[in-house]
Amino acid sequence: MAQLSAIELNVNDQVRRLEVDPRTSLLDALREHLRLSGTKKGCDHGQCGACTVLVNGRRVNSCLTLAVMHEDDEIVTIEGLGVPDGLHPMQRAFVERDGFQCGYCTPGQICSAVGMLAEVEAGWPSHATADVASPRIALTDEEIRERMSGNICRCAAYPNIVAAIRGIAVGGLE
């Protein structure tokens, strides 16, 4: 039996103390130890994006990283973005544009979309960026689809997901 590691994680602006096996993924720490069930376990191999969370503002597949690696990081899950009476603008956009079907992938899609818009704002190009030297990236549907390609929706709500993200990108985060 592996010796447990005592760690403190800053999750959704709350410091949480845990004792975990050092091999525990961030995903399992969130779901099994902290009971934050919004982050979903899809493939457990980093291929579907259902487990996407924000770590220091950047999107991360939480199934591919160890909890013990994130003691000094700010972790934001879907529960930390908004609450039913105060949705994050991206959550609201997904609801308004029907950017979900079964809802399983939705938390990862939303966290990924928030992180993706921060990458665009920072000027990070993608494979689909037409002019990588331009200081401003045109957020076309093709650009959005490329940037969100790590998040799979088995119900195929992609057109509505793209519309929700485009709506926030055009209107800005409130």
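All figures in this text were calculated on a predicted structure; none of them were measured in a lab.

Basis of the calculations
- Residues numbered from 1 in each chain as written.
- Predicted model: local features only at pLDDT ≥ 70, side-chain atom pairs only at ≥ 80, totals over all residues.
- Heavy atoms only, no water.
- Helix = DSSP H or I, 4+ residues; strand = E, 2+ residues; numbered from the N terminus.
- Rg over C-alpha atoms; globule rule 2.2 N^0.38 Å.
- Buried < 20%, exposed > 50% of the residue type's maximum accessible area, 1.4 Å probe, protein only.
- Contact = heavy atoms within 4.5 Å.
- Areas by Shrake-Rupley, 256 points an atom, 1.4 Å probe, with all protein chains shown as cover.
- Core = buried A, V, L, I, M, F, W, Y, C linked by side-chain atoms within 4.5 Å.
- Axes fitted to C-alpha atoms, helices over the stretch in contact; angles between N-to-C directions.
- Parallel < 35°, antiparallel > 145°, perpendicular 65-115°, else oblique.
- Left-handed = near helix turned anticlockwise from the far one by under 90°.
- Nonpolar A, V, L, I, M, F, W, Y, C, P; charged D, E, K, R; others polar.

I keep staring at the overall build of the protein chain and nothing clicks. Help me out?
For the protein chain, the helix and strand inventory stands at six helices and five strands. In the protein chain, the succession of α and β elements from N to C terminus is β-β-α-β-β-β-α-α-α-α-α. Taken over C-alpha atoms, the radius of gyration comes to 16 Å for the protein chain, in line with the 16 Å a tight globule of 174 residues would show. Projecting the C-alpha coordinates of the protein chain onto the three principal axes gives extents of approximately 50 × 35 × 30 Å. By the burial criterion, 43% of the 174 residues in the protein chain qualify as buried. Once local pairs closer than 6 in sequence are excluded, the contacts in the protein chain between residues at least 24 apart make up 53%. When the accessible area of the protein chain is evaluated, it comes to approximately 9300 Å², of which 49% is carbon and sulfur surface.

How should the nonpolar core be read in this particular structure?
Nonpolar side chains tend to gather and get buried jointly when the protein is soluble and globular. Grouped together as the largest cluster of nonpolar side chains are 25 residues, with contacts concentrated most on Leu81, Met90, Phe94, Met116, Leu117, Ile144 and Ile165. Of all the secondary structure elements, the ones that give two or more residues to this core are helix 2 (78-81), helix 3 (89-96), helix 4 (106-121) and helix 6 (158-171). The biggest single contributor to this core is helix 4, with seven residues.

Got a minute to help me understand the packing of helix 4 against helix 6 in this structure?
When two helices pack together, their arrangement is given by the angle between the helix axes and the distance between those axes. Contact pair helix 4 / helix 6: the axes reach a minimum separation of 11 Å and the direction vectors enclose 40°. Taken together, the axes of helix 4 and helix 6 lie oblique to each other. Handedness of the crossing formed by helix 4 with helix 6: right-handed. Facing Gln109, Ala113, Met116 and Leu117 of helix 4, the residues of helix 6 in contact are Ile161, Ile165, Ile168 and Ala169. Taken together, the residues of the contact of helix 4 with helix 6 break down into seven nonpolar, one polar and no charged.

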